[in-house]
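Overview (structure and organization)
The chain contents come next:
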Amino acid sequence: MRKGYFSLVLHAHLPYIRHEEAHRLEERWMYEAISETYIPLLWEVDRLSRPLGWTVSISPPVIEMLADPLIQERYIEHIEDTLRLINQELERDLDQKERDALMFYQDRYHDLLNTFLHWEKDLNRAFRHYKEQGYLDLITCTATHGFSPHMLSEQAARSEIQTGLNCFERHYGFRPSGLWMPECAYTPGLDRILYEEGIRYTFVDEHSILNADPSPAHGIGAPVYSPHGVALFPRDQIISGKIWSSVIGYPGHPDYREFYRDLAYDREWDQIAEFMHPEGLRYDTGLKLHRVTGETDQKDYYVRDWAWQRTSEHAADFAQALGEHLDTYQAQDFPPFLVTAPFDAELFGHWWFEGPDFLGKAMERLEDQEIESISPATFLERHFQDIDTVHVAMGTWGRKGYAEVWINERNDWMIRHLHQLEKRLAGVVARNRHQDALTVKAKRQLIREYLLAVSSDWPFILDGQTTAQYAANRFREHVLRFEETERRLDAEELTMEWLDDRYREYPFLQDTDIEPDVFLTAHDYYVAVKREKSWNTDAILLFVRQYDTSERPAENLAKRLAAAGENVYVVTEHAEAYRLQDGVHVYGVQVSGLPLVQTYNQLAALNLAFLRQAQALSKIVDFQVVHNFNMDTASAAQAFSKVKNIPLVSNVYDLESERSPDRSGGLVVAIKRLEGDALRHSSVVYLEREESRHGVEQEYHVEKKPLRFEENLEKPYQHVTNPKKNG
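So, here's what we can say about the structure. (Residues numbered from 1 in each chain as written. Predicted model: local features only at pLDDT ≥ 70, side-chain atom pairs only at ≥ 80, totals over all residues. Heavy atoms only, no water.)

**Let's talk about the overall build of the chain**
Along the chain, the regular secondary structure elements total 25 helices and 17 strands. Each of the three principal axes of the chain carries a C-alpha extent, and together these read 100 × 65 × 50 Å. Taking all 727 residues of the chain together, the buried fraction comes to 58%. Taking all contacts inside the chain whose residues are at least 6 apart in sequence as the whole, residues at least 24 apart take part in 75%. (Helix = DSSP H or I, 4+ residues; strand = E, 2+ residues; numbered from the N terminus. Buried < 20%, exposed > 50% of the residue type's maximum accessible area, 1.4 Å probe, protein only. Contact = heavy atoms within 4.5 Å.)

So, in structure tokens, the structure goes:
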């Protein structure tokens, strides 16, 4: 046996494109994937009939659509229509090569139908059978392929992961130890959620490992552990590119089937109208009768025997190249060199028609070369002690290796809507912790709409501008459905019948797959489970940009107040969303969105983040006072004080006239205006430095005399006066 391993990972995914109404063009994506990828891959697994070391990831949308009776029946109709079209074509006067190509398809579509019926229309059952036989390993991905780096909260990422695993377990009867993260996207901290949900490995692109800190000893020749103990398997771009690159890859050979030439566009309308869309649209029939031929518009007819023979040659070439690649690393030990090759499954068969044939033959040639094919799960069983632990930065396998595909000028408008849905979900579960069956069902429907909206397919399609209108419409539709459901829940207008009707329109995931309180924050859980209901009254809210610093005494004050029995909350700028520290509830906010170059815009974004967090908290906590420790956050504190009609207390360290004594202009004037408004509306103004007194009194005309903070530190709110109701 040659030293080293090869691991093939195929990720089968489509967006959830099931529609009640017939003749939706997008639903044909599923039929094409079944005909060209899923069943041909199963044919190869069945033909080889032995442990292959392959790992197949099947996404929840694909699982649900494979199990859907409506999709199953329509797929049979699709196959039967195609066979009728082939028979009609064979009755025409054809070139012999064209006739041969059609007869190949005739046999193939009969085989597809027979295979589909053999598995009683349920291909989940087929994949499960080959897993139970030990021929392949099965994993899944997140619920709807959401792009995790762009999620605002931990709860959103967990909802995708947890719900996807629940769906897979319901259909396949076990919970996998591996998970395909959509787009091979990884961000620090994601590994903690994965580990807590029982996941022990996932996949990243090779640049994520090559740029890790510290550099792993084996480079991309082995997985690494993340800080929370999840193994990250790197994609080997050289070997993967040999299979799929448009420049050096195999699929562009002249003998292979031409993807872009379909019979639908080679016939007069009257000849094929019966098989086209009822509204008069042409769409692909799947009958592609030509081969690549070369870089020419004149395509020759497809010759199946030539393509079949070519896959044999390419499989042998690949096995030899892989063997030579492993030989160059034969000195590596503990563990031996591992080549990980993850692909979208639909690349094989749908895009590269002969891809499944190639994979099957490549497995046979790997055996000739004495190369062991191994799954990530088996690799970890053997070598769990031989792996480095490193820190890996954010990365994806998309264009340029980061997030450019999923956030650019064509799709960035989606993110603000998704972030809003996340926040509103957190509010819904916080407001409805003790609820009846109707409310629980409503929360699940809200989460379902969020999951269907957050799919990475929609921004991906908008980036590629292929079926952009459909992607944009689907996204907007689920946002609107979310808003309507939330409105009816708050207005107590929901009924079980209305929710059932909504579900029937997109019957994705069963209610048991969705944990209704998955968006409950750590603090909400603490309040709901561990504290008495009377606890969240007369609370104190502190705004401080930097909490853990000696430059501001906010932390010291908060601890004193908490130790004295006060209920203290802090909103601060921090990456950690929530922590309970020394009896103080500390909420971190971060400025989201694109970097803002103007100071004034940065301040506005910061204040907006503080204000939103405070408003979210105010839905479950009654505050008696808001205390602001930074002029940077003065406008948010003032706004919150006004909206909630509670006193505002301000600490002054220095003023804009002291920070920028030599500057003037619009920005300085604007900041001074913000400072002045907040100080004039403060019930109490505390000074940290006596030098600021003159500025506060002379520049801002504060009616109340500023006090020294240290003198009032033990009882900082004794001078507070409540604002008058209604003004």
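Moving on, there is more to tell.
**Structural notes on the sheet that holds strand β13 (residues 584-589)**
Strand order in the open sheet made by the eight strands is β12-β13-β11-β10-β14-β15-β16-β17, with mixed pairing throughout. Two strands bound the open sheet, and with one partner strand each, they are β12 (578-581) and β17 (707-708). Here four bridges tie β12 to β13, and the two strands are oriented antiparallel to one another. Across the sheet, residue Y578 finds its bridge partner in β13, namely Y587. Lying over the sheet, helix α25 (residues 692-700) contacts β15 (648-652), β16 (684-687) and β17, oriented at roughly 150 degrees with respect to β16. (Pairing = 2+ DSSP bridges. Axes fitted to C-alpha atoms, helices over the stretch in contact; angles between N-to-C directions.)

**Concerning the packing of helix α1 (residues 27-48) against helix α3 (residues 69-90)**
Angle between the axes and distance between the axes are the two parameters that describe a pair of packed helices. The contact between α1 and α3 brings their axes to 10 Å, and the two run at 75 degrees. Taken together, the axis directions place α1 and α3 in an arrangement best described as roughly perpendicular. Of α3, the residues touching α1 (which contributes E27, R28, M30, Y31, I34, S35 and I39) are I71, R74, Y75, H78 and I79. Of the residues contributing to the contact of α1 with α3, the split by class is seven nonpolar, two polar and three charged. (Parallel < 35°, antiparallel > 145°, perpendicular 65-115°, else oblique. Nonpolar A, V, L, I, M, F, W, Y, C, P; charged D, E, K, R; others polar.)

**A few points about unusual backbone geometry**
Leave glycine aside and you will find that most residues have negative phi; peptide bonds, for their part, are mostly trans. Put simply, D213 and P214 share a cis peptide bond, and its omega is -5 degrees. Put simply, F334 and P335 share a cis peptide bond, and its omega is 5 degrees. One can find P335 in the loop between α11 (304-327) and β8 (338-344). Of note in this structure, K121 is not a glycine but carries a positive phi near 70 degrees. Following the sequence through the fold, K121 ends up in the loop between α4 (96-118) and α5 (123-132). By relative accessible area, K121 is classed as partly exposed at 24%. Despite not being glycine, N645 has its phi angle at roughly 60 degrees, a positive value. Summarising the element assignment, N645 is placed in the loop between α22 (634-644) and β15. Take N645: its relative accessible area is 24%, and that puts it in the partly exposed class.

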